[in-house]
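# Per-entry structural report
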Amino acid sequence: MASRLVVSTFLSLDGVMQGPGGPGEDDSNDFPHGGWLAPHVDEGFGRIMGEVFDRADGMLLGRRSYDILSGHWPNVPDEEGGAKINSMPKYVATRSPMNAEWRNTEVLVGEAAQTIADLKKRTEGEILVQGSSDLLRTVQEAELVDEYRLLIFPVVLGQGKRLFAEGTTPAGLKLTGSTTTESGIMYVTYEWVGKPSYSSVV
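The text that follows walks through the structure, step by step, so that each part is easy to find. Because the structure is a prediction, the values reported are computed rather than measured.

## Section: the overall build of the protein chain
When you go through the protein chain residue by residue, the secondary structure sums to five helices and eight strands. From first element to last, N terminus to C terminus, the protein chain shows the α and β order β-α-β-α-α-β-β-α-β-α-β-β-β. In summary, the protein chain has a C-alpha radius of gyration of 17 Å against a globular reference of 17 Å for 202 residues, a match within 12%. The principal-axis extent of the C-alpha atoms belonging to the protein chain is close to 55 × 40 × 35 Å. Taken over 202 residues, the protein chain has a buried fraction of 46%. Across the protein chain, every contact between residues at least 6 apart in sequence was considered, and the portion connecting residues at least 24 apart equals 69%. Total accessible area on the protein chain is roughly 10600 Å²; 50% of this is exposed by carbon and sulfur atoms. In the protein chain, 18 positive and 28 negative side-chain charges are present, and the distance between their average locations comes to 6 Å.

Written out as structure tokens, the structure is:
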């Protein structure tokens, strides 16, 4: 028994993942670009996200992302995707105890690297990490990510939280799929294959 940890993230072309959904979603560090995703959403985007969530057996969130999503999804009708997300198991990684009122949510209290490693051992299928930039740094350092599913939008922001920030743990990746939507969103998937390999072109 073991599950796969899958990171699904919206990115600008320069790697920023902060505040895609709208102003006020995450304005930390005076981020002024909240809502950069919305102008590019198209049918292809909806189809991709539907497939991502259909494949997921559970969802892992940091405390901030939990607060954002739990304020939205319980009010979404079943026919608009609410049934899947509200019914699936959800896990919140946090150092401090909390009450999680969103249905089917388990709180993982402690050091995230350890609690998530334990979670992977005792569950099966795919656990999806959506957003949660602070938590991502921890699972990257612990080499717990098995796959990245990245939606890259045709916009450059120049500032904000990045998926692969300075100091990210080096990793080797294998491209497993790529496609582009009509509005120019690139969807690429990579599997983690261990440490990077090195050579020379001269």
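## Some points on the pairing of strand β3 (residues 90–94)
Taken across its five residues, β3 has five buried, putting it largely inside the fold. Across the two faces of β3 the burial is the same, with Lys90, Val92 and Thr94 and Tyr91 and Ala93 all buried. Sheet topology note: the strand β2 (residues 58–62)/β3 ladder contains four bridges and is parallel. Its bridge partner being in β3, Leu61 is matched across the sheet by Val92. Inspection of the sheet shows β3 paired to strand β4 (residues 105–109) by five bridges, in the parallel sense. Within β4, the residue paired with Lys90 across the bridge is Thr105.

## Points about the pattern of salt bridges
Throughout the structure, instances matching the rule amount to 13 salt bridges. The residue Asp26 makes a salt bridge to Lys161 at a minimum N-O spacing of 2.9 Å. Of this pair, Asp26 sits in the loop between β1 (3–12) and α1 (43–55) while Lys161 sits in the loop between β6 (147–153) and β7 (172–180), and the two are 135 residues apart along the sequence. One exposure class covers both Asp26 and Lys161, and it is buried. One network of salt bridges, with partners in common, ties together Arg4, Arg55, Glu126, Glu147 and Arg149.

Calculation rules
Residues numbered from 1 in each chain as written. Predicted model: local features only at pLDDT ≥ 70, side-chain atom pairs only at ≥ 80, totals over all residues. Heavy atoms only, no water. Helix = DSSP H or I, 4+ residues; strand = E, 2+ residues; numbered from the N terminus. Rg over C-alpha atoms; globule rule 2.2 N^0.38 Å. Buried < 20%, exposed > 50% of the residue type's maximum accessible area, 1.4 Å probe, protein only. Contact = heavy atoms within 4.5 Å. Areas by Shrake-Rupley, 256 points an atom, 1.4 Å probe, with all protein chains shown as cover. Lys, Arg positive; Asp, Glu negative; His and termini not counted. Charge placed at Lys NZ, Arg CZ, Asp CG, Glu CD. Pairing = 2+ DSSP bridges. Salt bridge = Lys/Arg side-chain N within 4 Å of Asp/Glu carboxyl O.

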